Amino acid sequence: MKIHEYQAKDLLRRYDVPVLKGKVVFSAEEAGRIAHEEFISQGSKVIVVKSQIHAGGRGKGTIYDVNTGNEMQVEGKTVKGVNVLVGGNVADKAFQYAGAMLGNKLITIQTGEAGSIVRRMLIEDGCSIAKEYYASILLDRTCGKNIIMVSTEGGMEIEKVAEETPERIIKEHVDPKIGFQDFQARRLAFGLGLSGDAFKSFIPFIKKLVNAYYELDCSMLEINPLVLTTDNKFVALDAKINFDDNAIYRHPEFIDLRDIDEEDPLEVEASKFDLNYIKLDGNVGCMVNGAGLAMATMDMIQNAGGSPANFLDVGGGANVERISNAFRIMMSDPNVKAVLINIFGGIVRCDKVADGIITALKNVKVDVPVIVRLDGTNAVEGLATLKNSGMDFKVAANFEEAANLVAAVFA
Amino acid sequence: MSVLINKKTKVLVQGITGSEGTFHTAAMIDYGTNIVGGITPGKGGTEYSGKPGVNFARPIPVFNSVRDAVQATKADASVIFVPPPFAADAILEAIDSGIKVIICITEGVPVKDMINVYSKLKDSDSVLVGPNCPGVITPGECKIGIMPGFIHKAGKVGVVSRSGTLTYEAVKQLTDLKIGQSTCIGIGGDPIIGTQFIDAVKYFNEDPKTEAILMIGEIGGTAEETAAEYIKEFVTKPVIGFIAGKTAPPGRRMGHAGAIISGGKGTAADKAKALESCGIRVVETPAMIGTAVKEALDGLKKTTKKAK
């Protein structure tokens, strides 16, 4: 599960990780008022208005009018995903910039052409930056341990640094038996070339960050950039947190942090029924039991000349209700030109799946070819049910036949 | 012959009285698996024969702890069906009680819990398969897990896979072509799992009755690549590979917690390339898995004849 920057920073504050003063706002009026009351009148000279979307690359991204597609401007300047406001009436600028950002489209390197609509913004204090660094914590799957990575290349994409100048990334693995140790914090600090007050500020920063990662059951925690201010203090200027979905049950309050505006509406609908659905750009809807088989089925669709419209795993407990909801959601995608149902019955009984498909077809209008492949437990009974229904199915006996039937649709 | 489990394996079921545990214990007993006991803390000293609608072919003694069960039954394997919050504890208990082969079916175990389990596991003699896996089956001898037994057939191909139903698919293709399996190991789709591809490949390589190895991988991580390096250096048996997820978009978790392309790493194309460069035959489409294994086995026969 992903959350916004302002939510991540609120969580980091709980664990004493230094972040700048900030407040989330949902309208231009609120942005102007908060900028005035809580920042400018409290002595702030510089404030930053930051778009809150889940995708990265916001600083270099640009805001476009959601209707006309034109670049948004304030006082002749392009409005970016993140805007630093200084000089003149800063609170009024905050009002104007927030107005230009809200409800419009932010396109960054990660959002693609479609962009993301800005619905929330973070108003934050400016700070005087001496140098930008990078810090992250995540699982190293190759050894089953968490790894802490820091780099002098702040603000850059870490994958790019890893490729071009891997020597500039300093790593420490955490031994689960003893936890993160002081000597490791020192090695990271010396690796960054820190000394004096900067060194002294870094050690508690990284220890608190590691603690937050563990306490929050994160699967990834990234601070990019991590900045050293001109008075030698380390501050998390940005914060990206992904939670381990398997551990959410230990943090029921995290559910409130979910922003469904950032998710595809069909995926949100599917999640209500515990269906594992991911919307893709293709034209063949597919409904499969099991994640591996679902991926293999998507690959097969492509090999056959189509392209998958979705990933949909109906899971092990596929009953009539589940199957018909899955079918309805899959068919809500207007791009779907054909449907492939591929079920391998293990625990799932194919006759039950067949009942579900027929129920679904009675409730959902389907005017595209439906290809069904049932194999495994009670497949014979399931296929008989489909045949006796009088409905129009193309039935495949195995994976290969299913592929051929898909190919025939696109021939 | 087989790896990890055979007809002599004595199996415990941790979480036997839960609904999943009950359902699959009945199926395992029916398959002929030597289930010698179950563990449900608080119900030790009783016998359990299932519940309405799911009747065991014979009653199974229930114990309070794995240690009690091992003392009474000399069990050497355990299968875990307990819910995610208690799964790590169940694995650690099995390790502590000296169980040789531990198979954890439970899906949804937090990564933080598995990091501790993995560390303990490395210091022990136990083998863990899973979590979030379908289990292990040696056809005709012993089924420990949730796979449908009837699609399998005893034979010479070792199967290792991160997936459940995709493995059933591949196994069925083999069985339909009259190609049997020595053992099928479902290693699971989580980021931290006890048995990796490389471990399974080592077992199959050392098993004299396994003649070919089928490896079914998917996007995410680098476990397939690591196994491929090992295969290149040490394995002389033919290895056939398939990687699912060629069409999966980056940054999205495809059902399995571990099936994600992150930072441009772990794509199906990279994996297929790595496998091929290590001499592994990579199947393009999932429909051809069975045929590819058959060709490899036929090729094997020809070379043996030539050698004679």
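Calculation rules
Counting restarts for each chain: residues are numbered from 1 in the order of the written sequence. Chains and ligands are labelled sequentially in the order written, the chains with letters from A and the ligands with numbers from 1. Restriction of local features to residues with pLDDT of at least 70 applies here, the model being predicted, together with a cutoff of 80 or more for giving and counting side-chain atom pairs; totals for whole chains, interfaces and linings are based on all residues. As a rule here, side-chain values come from all non-hydrogen atoms in the structure, and water together with hydrogens is ignored. Helix and strand assignments follow DSSP, with helices taken as H or I runs no shorter than four residues and strands as E runs no shorter than two, numbered in order from the N terminus. A 1.4 Å probe rolled over the protein chains alone gives each residue an accessible area, and that area as a share of the maximum for its type sets the label: buried under 20%, exposed over 50%, partly exposed in between. Any pair of residues with heavy atoms lying within 4.5 Å of one another is described as a contacting pair. Shrake-Rupley sampling with a 1.4 Å probe provides the accessible areas, and residues are treated as covered by the protein chains on show and by no other component. Lys and Arg are tallied as positive, Asp and Glu as negative. Neither His nor the chain termini are counted. Lys charges are placed at NZ, Arg charges at CZ, Asp charges at CG and Glu charges at CD. Two parts placed together each lose some accessible area; with a 1.4 Å probe, that loss summed over both constitutes the buried area. In what follows, salt bridge is the name for a side-chain nitrogen of Lys or Arg lying within 4 Å of a carboxyl oxygen of Asp or Glu. The term polar contact refers here to a pair of N or O atoms within 3.5 Å; inside protein, the definition further demands a hydrogen-donor-capable atom paired with an acceptor-capable atom, and it admits residues adjacent in sequence only when both atoms are side-chain atoms. Note on method: axes are straight lines fitted to C-alpha atoms, helices fitted across the in-contact stretch only, with angles between N-to-C directions ranging 0 to 180 degrees. Orientation categories follow fixed angle ranges, with anything under 35 degrees roughly parallel, anything over 145 roughly antiparallel, 65 to 115 roughly perpendicular, and all other angles oblique. Side-chain classes are defined by residue name, with Ala, Val, Leu, Ile, Met, Phe, Trp, Tyr, Cys and Pro counting as nonpolar, Asp, Glu, Lys and Arg as charged, and the others, Gly among them, as polar. Between the rings of Phe, Tyr and Trp (Trp by its six-membered ring), a pair exists once the centres lie within 6.5 Å; its type follows the angle of the planes, with under 30 degrees stacked, over 60 edge-to-face, and the other angles tilted. Note on pairing: DSSP must find at least two bridges between two strands before they are called paired. Here, the term nonpolar core denotes a set of buried Ala, Val, Leu, Ile, Met, Phe, Trp, Tyr and Cys residues that are joined through side-chain atoms within 4.5 Å. Where each domain begins and ends is defined by an automated method or by a domain database.

A.B. asks: What is the right way to read the overall build of chain A from this model?
C.D. replies: Each helix and strand counted, chain A has twelve helices and 21 strands in total. Buried positions account for 54% of the 411 residues belonging to chain A. Pairs at least 24 apart in sequence give 67% of the contacts found in chain A among residues at least 6 apart. For chain A, the accessible area works out to roughly 17500 Å², and carbon and sulfur atoms hold 49% of it. Side-chain charges in chain A split into 45 positive and 56 negative, and the spacing between the mean points of these groups amounts to 3 Å.

A.B. asks: I'm lost on the interface of chain A and chain B in this one. Help?
C.D. replies: A common way to state how big an interface is: give the accessible area lost once the parts meet. Counting residues at the interface gives 46 residues for chain A, matched by 56 residues for chain B. Both sides of the chain A and chain B interface together cover about 4000 Å² of buried area, and 59% of this is carbon and sulfur. It is Arg141, Met295 and Phe344 of chain A that lose the most area in chain A upon contact with chain B, and together they represent 17% of the buried surface on that side. At the junction of chain A and chain B, the tally comes to six salt bridges. We note a salt bridge from Asp375 of chain A to Lys172 of chain B, for which the minimum N-O separation is 3.0 Å. Inspection of the chain A/chain B interface yields 15 residue pairs in polar contact (both at pLDDT 80 or more). Where the side of chain A that touches chain B is concerned, the elements lending two or more residues are α6 (196–215), β16 (276–279), α8 (291–303), β19 (338–345), β20 (370–376) and α12 (399–409) of chain A.

A.B. asks: What's the story with the packing of helix α6 (residues 197–206) of chain B against helix α7 (residues 223–234) of chain B in this structure? I'm lost.
C.D. replies: Helix-helix packing is characterised by the crossing angle of the two axes and by the distance between the axes. Residues and elements named next belong to chain B. α7 packs onto α6 with a crossing angle of 30 degrees between their chain directions and a minimal axis gap of 8 Å. The orientation of α6 with respect to α7, classified from their angle, is roughly parallel. Between α6 and α7, the residues in contact are Phe197, Ile198, Val201, Lys202 and Asn205 and Ala223, Glu224, Thr226, Ala227, Tyr230, Ile231 and Phe234, respectively. Its residues assigned to classes, the contact of α6 with α7 comprises eight nonpolar, two polar and two charged.

A.B. asks: What's the story with the packing of aromatic side chains in this structure? I'm lost.
C.D. replies: Two numbers describe a pair of aromatic rings. These are the distance of the centres and the angle of the planes. All names here are of chain A. If you walk through the whole model with that rule in mind, you get nine aromatic pairs over all chains. For the ring pair Tyr213 and Tyr214, a centre distance of 5.6 Å and an interplane angle of 80 degrees mean the geometry is edge-to-face. Residue classification places Tyr213 among the buried residues on the basis of a relative accessible area of 3%. Classification of Tyr214 as partly exposed rests on a relative accessible area of 24%.

A.B. asks: How do you make sense of the sheet that holds strand β12 (residues 212–218) of chain B when you look at a structure like this?
C.D. replies: Remark on secondary structure: sheet strands pair via backbone hydrogen bonds, oriented parallel or antiparallel. Residues and elements named next belong to chain B. Judged by pairing direction, the sheet is mixed, and its seven strands sit side by side in the order β9-β8-β11-β10-β12-β13-β14 without closing on themselves. Edge positions in the sheet fall to β9 (142–145) and β14 (281–282), since each of these pairs with one other strand and no more. Pairing of β12 with strand β13 (residues 239–244), which is carried by six bridges, proceeds in the parallel orientation. Note on β13: the bridge partner recorded for Met215 is Gly241. Running at roughly 170 degrees to β9, helix α1 (residues 19–31) makes contact with β8 (135–138) and β9 of the sheet. Each of β10 (154–161), β11 (181–186), β12 and β13 is contacted by helix α5 (residues 165–176), which is oriented at about 150 degrees to β12, the strand it contacts most.

A.B. asks: Could you clarify how one ought to interpret the nonpolar core in this entry?
C.D. replies: Across soluble globular proteins, you tend to see nonpolar side chains buried next to one another. One finds Val79, Ile103, Leu214 and Met254 of chain B to be the most contacted residues of the largest nonpolar core, which totals 104 residues. Looking at which element gives the most residues to this core, the answer is α8 of chain A, with eight residues. Every residue in contact with Leu214 of chain B, bar those within four places of it in the chain, is listed here: Val157, Gly158, Val159, Val160, Ala170, Leu174, Ile240, Ile289 and Val293 of chain B.

A.B. asks: What is the right way to read the pattern of salt bridges from this model?
C.D. replies: Pairs can form between side chains of opposite charge once their charged atoms are near each other. All names here are of chain A. What the rule picks out here adds up to 37 salt bridges over all chains. For Arg258, the salt bridge is made with Glu263, and the minimal N-O distance between the two is 2.9 Å. A single network of salt bridges, built from pairs that share partners, joins Glu5, Lys9, Lys50, Arg58, Glu124 and Asp238.

A.B. asks: What am I meant to see in unusual backbone geometry here?
C.D. replies: Working note: non-glycine residues mostly have negative phi, and peptide bonds are mostly trans. Following Asn224 of chain A, the chain continues to Pro225 of chain A via a peptide bond in cis, the omega torsion being 5 degrees. Among the secondary structure elements, Pro225 of chain A is positioned in strand β13 (residues 218–229). Of the consecutive residues Gly130 of chain B and Pro131 of chain B, the connecting peptide bond is found in the cis state with omega at 10 degrees. With respect to the element layout, Pro131 of chain B can be found in the loop between β7 (127–129) and β8. A positive phi angle, near 60 degrees, is found at Asn378 of chain A, a position not held by glycine. Position of Asn378 of chain A relative to the elements: it lies in the loop between β20 and α11 (379–388). By relative accessible area, Asn378 of chain A is classed as partly exposed at 25%.

A.B. asks: Quick question: what am I supposed to make of the environment of Gly299 of chain B here?
C.D. replies: Mapped onto the elements of the fold, Gly299 of chain B is located in helix α9 (residues 289–307). Looking at Gly299 of chain B, the relative accessible area reads 30%, which means it is partly exposed.

A.B. asks: I'm lost on the domain arrangement of chain A in this one. Help?
C.D. replies: Per the domain assignment, the segments making up chain A are domain 1 (21–125), domain 2 (129–253) and domain 3 (265–409). Once you take the C-alpha centre of each, domain 2 of chain A and domain 3 of chain A turn out to be 43 Å apart.

A.B. asks: Quick question: what am I supposed to make of the side chain of Glu153 of chain A here?
C.D. replies: All names here are of chain A. Along the polypeptide, Glu153 turns up in the loop between β11 (145–151) and α4 (158–164). Owing to a relative accessible area of 19%, Glu153 belongs among the buried residues under this scheme. A polar contact is formed between the side chain of Glu153 and the side chain of Arg168, at a distance of 3.5 Å. Other than its neighbours up to four places away in sequence, Glu153 contacts Tyr134, Val161 and Arg168.

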